[in-house]
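A closer look at the structure
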Amino acid sequence: MALQENTQSEIEVGAADLPLHCPMPQHLAWNSHPRVFIDVAKTGAAQCPYCGTRYRLRAGEVVKGH
């Protein structure tokens, strides 16, 4: 997995990424703000309160046990 800057305004995630937290492990700036868990399972999308990155659950993903 290549490390990347967390510069995207929206990131599409899958069920395998849950439980989801921001910043994600592949971001270079992983310590740019405290880790915060993002709940996309209920509504399909959510926004990080620290950096404003929006996370969207990929269409058709089946979320089990979250």
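Throughout this document, residue positions are counted from 1 along each chain, in the order its sequence is written. Local features in a predicted model are, by the rule used here, given only for residues with pLDDT of at least 70; side-chain atom pairs are given and counted only at 80 or more, and totals for whole chains, interfaces and linings are based on all residues. Side-chain descriptors were evaluated using all non-hydrogen atoms of the structure, hydrogens and water having been removed beforehand.

1. Some details on the nonpolar core
Keep this limit in mind: Take the buried residues of types Ala, Val, Leu, Ile, Met, Phe, Trp, Tyr and Cys, join any two whose side-chain atoms come within 4.5 Å, and each joined set is a nonpolar core. The rule is simple: take the accessible area with a 1.4 Å probe, protein chains only, and divide by the maximum for that residue type; under 20% is buried, over 50% is exposed, in between is partly exposed. In this description, contact between two residues means that some pair of their heavy atoms is separated by no more than 4.5 Å.
Residues V13, L20, I38, V40 and Y55 are the most contacted members of the largest nonpolar core, which totals 13 residues. Discounting residues that sit within four places of it in the chain, V40 has contacts with V13, L18, L20, A45, A46, Y55 and L57.

2. Description of the sheet that holds strand 4 (residues 45-47)
Let me state the cut-off plainly: We call two strands paired when DSSP finds no fewer than two bridges between them. Where helices and strands are cited, they refer to DSSP runs of H or I of at least four residues and of E of at least two residues respectively, numbered from the N terminus. Every axis corresponds to a line fitted to the C-alpha atoms, with the helix fit spanning only the stretch in contact, and the corresponding angles, defined between N-to-C directions, vary from 0 to 180 degrees.
On the basis of which strands lie adjacent, the open sheet formed by 3 strands has the order 1-5-4 and mixed pairing. The open sheet has two free edges, formed respectively by strand 1 (10-13) and strand 4, since each of these has just one partner strand. Taking each pair of neighbouring strands and ignoring which way they run, the sheet shows an average axis angle of 20°. Pairing of strand 4 with strand 5 (residues 54-57), which is carried by 3 bridges, proceeds in the antiparallel orientation. The residue of strand 5 that forms the bridge with Q47 is R54.

3. Some points on unusual backbone geometry
Along the chain, L18 connects to P19 via a cis peptide bond; the corresponding omega equals 0°. Within the secondary structure layout, P19 lies in the loop between strand 1 and strand 2 (20-22). P23 follows C22 through a cis peptide bond whose omega is -5°. Following the sequence through the fold, P23 ends up in the loop between strand 2 and strand 3 (36-38).

4. Here we look at the side chain of H21
Applied cut-off: Any N or O atom pair separated by 3.5 Å or less is treated as a polar contact, with the protein-specific requirement of one donor-capable and one acceptor-capable atom, and with residues adjacent in sequence counted only for side-chain atom pairs.
With respect to the secondary-structure elements, H21 resides in strand 2. Within the structure, the side chain of H21 is placed 2.9 Å from the backbone oxygen of P23, a separation counted as a polar contact. There is a polar contact of 3.5 Å between the side chain of H21 and the side chain of R35. In this structure, H21 is in contact with R35, V36, F37, I38 and Y55, ignoring residues within four places of it in sequence.

5. So, the pairing of strand 5
In strand 5, alternate side chains face the same way, and those of Y55 and L57 are buried while those of R54 and R56 on the opposite face are not. With 4 bridges joining them, strand 1 and strand 5 adopt parallel strand pairing. By the bridge assignment, I11 is partnered in strand 5 with Y55. Count of turn residues in the strand 4/strand 5 antiparallel hairpin: 6 residues, of which G52 carries a positive phi of about 85°.

By themselves, these observations are geometric and do not establish any function.
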